[in-house]
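Spelled out from the first residue to the last, the chains are:
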Amino acid sequence: MFTLREGRLCPVCENGKLQEARKALSFVYEGRSKKFPNQKVYACNVCDYEGLTRADNEQIEKSLADFRRIIDGLLPCDTLKSIREGLGLNKKLMAKLLSVNEKTVGRYENGKVTQSAQVDKLYRVLQTTPFLVKIIEPNIPVVDSGFQPRVITVEKDNYDPEPANGYHFQTDIHGHRITVNAT
């Protein structure tokens, strides 16, 4: 693998030498810009080639992934990881919970793949109500928050052969009463 370094031969023209320089980089997404004001780049003294080290490129890509996510109303990479870890789940168990591949969870967390709005909403719900892990996947162990929902009422309106239909229930979650009507 080619490593960018001061004095190395240019990987494009193979004539020039790379020189370290500082440059402002700017990216635009949905009309908003993200700037990296003093970014180290390696530029060829013969052709127009400019490159970043692999580490710098990965850092910028993750930052840009978060920038796009925030504009789109999605959780940033580190928040996804924090939620997963707060639930006491490794990537494999989180993948099972989300019905995705284990590598996909890692890609969400390192900014290589942006989660869908549905996956984002599930992360948010699980962050605030971690006991739901047991409802979604009963065999996944989760950090016990000590919170147990209290069912207030369960009523059967009219018999309907569909399992969820005809039921109305209320539950108390963190002091908030939630009502669900199935029709």
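Before going into details, it helps to say that this report is about the structure given with it. (Residues numbered from 1 in each chain as written. Predicted model: local features only at pLDDT ≥ 70, side-chain atom pairs only at ≥ 80, totals over all residues. Heavy atoms only, no water.)

Some points on the overall build of the protein
As a reminder of what qualifies: Secondary structure counts use DSSP, requiring at least four H or I residues in a row for a helix and at least two E residues in a row for a strand, with both numbered from the N terminus. Throughout, a contact is declared for two residues whenever any of their heavy atoms are within 4.5 Å.
What the protein contains, in helices and strands, is six helices and six strands. Taken from N to C terminus, the helices and strands of the protein fall in the order β-β-β-α-α-α-α-α-α-β-β-β. If you take every contact in the protein between residues at least 6 apart in sequence, the share linking residues at least 24 apart comes to 43%.

A few points about helix α4 (residues 102-110)
What counts here: Working definition: with a 1.4 Å probe on protein chains only, accessible area under 20% of the residue-type maximum means buried, over 50% means exposed, and in between means partly exposed. N or O atoms within 3.5 Å of each other form a polar contact, as long as, within protein, one can give a hydrogen and the other can take it, and as long as residues adjacent in sequence are counted only when both atoms are side-chain atoms.
Every buried residue belonging to α4 is among Thr 104, Val 105, Gly 106, Tyr 108 and Glu 109, and all of these are buried. Residues of α4 that are buried sit in contact with α1 (54-71), α2 (77-86), α3 (91-98) and α5 (117-128). One side-chain oxygen of the residue at the start of α4 lies 2.7 Å from the amide nitrogen of Lys 103, identifying that residue as Asn 101. Positive backbone phi, approximately 85°, marks Gly 111, located one or two places after α4.

Description of the pairing of strand β1 (residues 18-29)
Let me state the cut-off plainly: Note on pairing: two strands pair once DSSP finds at least 2 bridges between them.
Bridge count for β1 against strand β2 (residues 32-44) is eleven bridges, and the pairing is antiparallel. What sits directly across from Val 28, in β2, is Ser 33. Connecting β1 to the next strand, β2, in antiparallel fashion are two residues, including Glu 30 with a positive phi near 50°.

Observations regarding the packing of aromatic side chains
The criterion, for reference: Any two of the Phe, Tyr and Trp rings considered here, Trp counted by its six-membered ring, make a pair once their centres fall within 6.5 Å; the pair's planes then place it as stacked at under 30 degrees, edge-to-face at over 60, or tilted in between.
Using the criterion set out here, one finds one aromatic pair in the structure. The interplanar angle of 80° and the centroid separation of 5.9 Å between the aromatic rings of Phe 27 and Phe 36 together place this pair among those described as edge-to-face. The exposure class assigned to Phe 36 is buried, which follows from its relative accessible area of 13%.

A short note on unusual backbone geometry
At Glu 14, a residue that is not glycine, the phi angle is positive and equals roughly 60°. When you line up the elements, Glu 14 lands in the segment before β1. For Glu 14, a relative accessible area of 53% gives the class exposed. One non-glycine residue, Ser 99, adopts positive backbone phi at about 60°. Position of Ser 99 among the secondary structure elements: in the loop between α3 and α4.

Side note on the packing of α2 against α4
Angle between the axes and distance between the axes: these two values describe a pair of packed helices. Applicable threshold: Axis geometry follows a simple rule: fit a line to the C-alpha atoms, using only the stretch in contact for helices, then measure angles between N-to-C directions, giving values from 0 to 180 degrees. Oblique is the label for any angle not covered by the other classes, which are roughly parallel (under 35 degrees), roughly antiparallel (over 145) and roughly perpendicular (65 to 115). In this classification, Asp, Glu, Lys and Arg are treated as charged, Ala, Val, Leu, Ile, Met, Phe, Trp, Tyr, Cys and Pro as nonpolar, and every other residue, Gly included, as polar.
The geometry of α2 relative to α4 is characterised by a closest axis approach of 6 Å and an angle of 130° between their N-to-C directions. Classified by the angle between their axes, α2 and α4 sit oblique to one another. In contact with Cys 77, Leu 80, Lys 81 and Arg 84 of α2, α4 contributes Val 105, Tyr 108, Glu 109 and Asn 110. For the contact of α2 with α4, the per-class residue count stands at four nonpolar, one polar and three charged.

So yeah, pure geometry; function would need other evidence.
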